[in-house]
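Overview (structure and organization)
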Amino acid sequence: MVNELILDFEKVFGSKEGAAAYFAPGRVNLIGEHTDYNGGHVFPCALTFGTYAIARKREDKLIRLYSNNFKQLGIIEFSLDSLTNEKKHDWANYPKGVVWAFEQEKFEVNSGFEILFYGNIPNGAGLSSSASIELVTSVIIKDMFNFDLDMIKMVQISKMAENKFIGVNCGIMDQFAIGMGKENCAILLDTNTLKYDYARIELNDASIVIANTNKRRGLADSKYNERRTQCEEALQDLASELGIKTLGELTEEEFEKYEYLIKSSVNIKRAKHAVYENQRTIKAVKALKENDLETFGLLMNASHVSLRDDYEVTGIELDTLVELAWKQKGVIGSRMTGAGFGGCTVSIVKNDCIDDFIKNLGKAYVEEIGYEASFYIAKVGDGARKLN
Ligand code: GLA
């Protein structure tokens, strides 16, 4: 793969002299959804598919970017002196935003560069192709300019690019999972303190299966921001009495006791999800560490129900895939993953049942929804890095 990409780089940029290769994965979240902007826990892992990049420094101030995924757009070129979000620069606004964010953080990028990208994360599937391109760009910039910063700082810079340059108000989960991922491990991250802990994914004779609804996440961004606002409103109502700073600080019992403080009935449901999902995540990781896969699976299922009924971010496609999955033989747990409103589900399925799972679920989904779902057996890989 990398050798082919280096040849592509040579074709696009004239020579391959001095070019180096980098990679950042996609991610899938096992449990802990819509908790990362509520000061709660998440439990994602990095995948083995992601974004490859071949990069080389230039002497002048030009940044020239090319993607094998968007060949029709050709080389996208701009100067270090004009780092603004431009619609016509399309996908290239992600790496551009990262350069911008480095500069905001006082890391002076003092010359241009050229990069060829290739990503094999299914686009728009909610497996974080955007955070992946941000992290691979961060790793390139750190390496190229010998900046002294650790991965967590790169994670924060990448998130800043997404929040402030792209304008998507996401939490830190995606960038963290992609930056800090570790082979065969998921990461329990406390998004309030950024304390984290790796947990080995020992699934015995089962695997993680990702199913893509192939529904584009149309209104996802506006709905995402609406959910954030609702949680903030609920927090304000609670904080007036309780002096808490995030919903993640509450236990289920505390929430039940004080939910009357929340003025809007819709916001009660949103906050309930945030509080319960956070506690579920902590319990799920404990169960996994004790090799109690059954409990882990039941908590995944409960997570989906809460996202469906209280947080209301699922929709017919995700619900169909998950509810069909629950009925299949060998399924330990299944839920939507990522922001919702389309995108993917994640299931834990016994290895000897995976073929039937894909066949039966695939067939039933087409019958119900009218178009096909796609399936991937996920391997859990390492985080963003330079390749040799
Ligand atoms: C998106 C965001 C994340 C997180 C999830 C929901 O993936 O980018 O920060 O909020 O949705 O858990």
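Attention in this report is confined to the structure presented alongside it.

Conventions adopted
- Residue numbering note: each chain is counted from 1, following its sequence as written.
- At least 70 in pLDDT is required for a residue's local features to be given in this predicted model, at least 80 for side-chain atom pairs to be given and counted, and no such filter applies to totals for whole chains, interfaces and linings, which use all residues.
- To obtain the side-chain values, all non-hydrogen atoms of the structure were included, while hydrogens and water were left out.
- Secondary structure elements are defined from DSSP: runs of H or I of at least 4 residues count as helices, runs of E of at least 2 residues count as strands, and each element is numbered from the N terminus.
- Type-normalised accessible area, obtained with a 1.4 Å probe on protein chains alone, sets the label of each residue: buried when under 20%, exposed when over 50%, and partly exposed for intermediate values.
- Here a residue is considered near a molecule or strand provided that any single heavy atom belonging to it is located within 4 Å of it.
- Polar contact criterion, stated in full: a pair of N or O atoms within 3.5 Å, where within protein one must be able to donate a hydrogen and the other to accept it, and residues adjacent in sequence count only if both atoms are side-chain atoms.
- Note on areas: these come from Shrake-Rupley sampling with a 1.4 Å probe, and a residue is covered only by the protein chains present in the view.
- Classification used: nonpolar for Ala, Val, Leu, Ile, Met, Phe, Trp, Tyr, Cys and Pro, charged for Asp, Glu, Lys and Arg, polar for all others including Gly.
- Paired strands are those between which DSSP finds at least two bridges.
- Angles here are taken between N-to-C directions and fall from 0 to 180 degrees, while the axes themselves are lines fitted to C-alpha atoms, restricted in helices to the stretch in contact.
- Roughly parallel here means an angle under 35 degrees, roughly antiparallel means over 145, roughly perpendicular means 65 to 115, and every remaining angle is called oblique.
- Crossing chirality is assigned from the near helix's rotation relative to the far helix, an anticlockwise turn below a right angle marking it left-handed and a clockwise turn marking it right-handed.
- Contact definition: two residues touch when any of their heavy atoms are within 4.5 Å.

1. Quick look at the side chain of Gln-175
Tracing the backbone shows Gln-175 in helix H5 (residues 173-180). In this structure Gln-175 comes out as buried when scored by relative accessible area, which is 1%.

2. A closer look at the site of the ligand
Neighbouring residues of the ligand: Arg-27, Glu-33, His-34, Asp-36, Tyr-37, Cys-170, Gly-171, Met-173, Asp-174, Tyr-224, Gly-338 and Ala-339. Within the contact set of the ligand, an oxygen atom lies 2.6 Å away from a side-chain nitrogen or oxygen of Glu-33. Between the ligand and the protein, one listed contact pairs an oxygen atom with a side-chain N or O atom of Asp-36 at 2.6 Å. Summarising the interface, the protein chains cover 93% of the accessible area of the ligand, which totals 310 Å² for the free molecule. Taken together, the residues that form the shell around the ligand break down as five nonpolar, three polar and four charged.

3. Here we look at the sheet that holds strand S10 (residues 344-350)
Strand order in this open sheet of four strands is S9-S10-S8-S11, and the pairing throughout is antiparallel. The strands lining the two open edges of the sheet, one partner per strand, are strand S9 (331-337) and strand S11 (374-378). Averaged over all pairs of adjacent strands, the angle between strand axes in this sheet comes to 25 degrees, irrespective of strand direction. Across seven bridges, the pairing between strand S8 (residues 206-212) and S10 is antiparallel. Across the sheet, Ile-210 pairs through a bridge with Val-346, a residue of S10.

4. Some thoughts on the packing of helix H9 (residues 293-309) against helix H10 (residues 316-326)
Packing of H9 against H10 leaves a shortest axis separation of 12 Å and a crossing angle of 150 degrees. Put simply, H9 runs roughly antiparallel to H10. In this structure, H9 meets H10 at a crossing whose hand is left-handed. On H10, the residues that touch Asn-301, His-304, Val-305 and Arg-308 of H9 are Leu-318, Asp-319, Val-322, Glu-323 and Trp-326. In terms of residue class, the contact of H9 with H10 is made up of four nonpolar, two polar and three charged.

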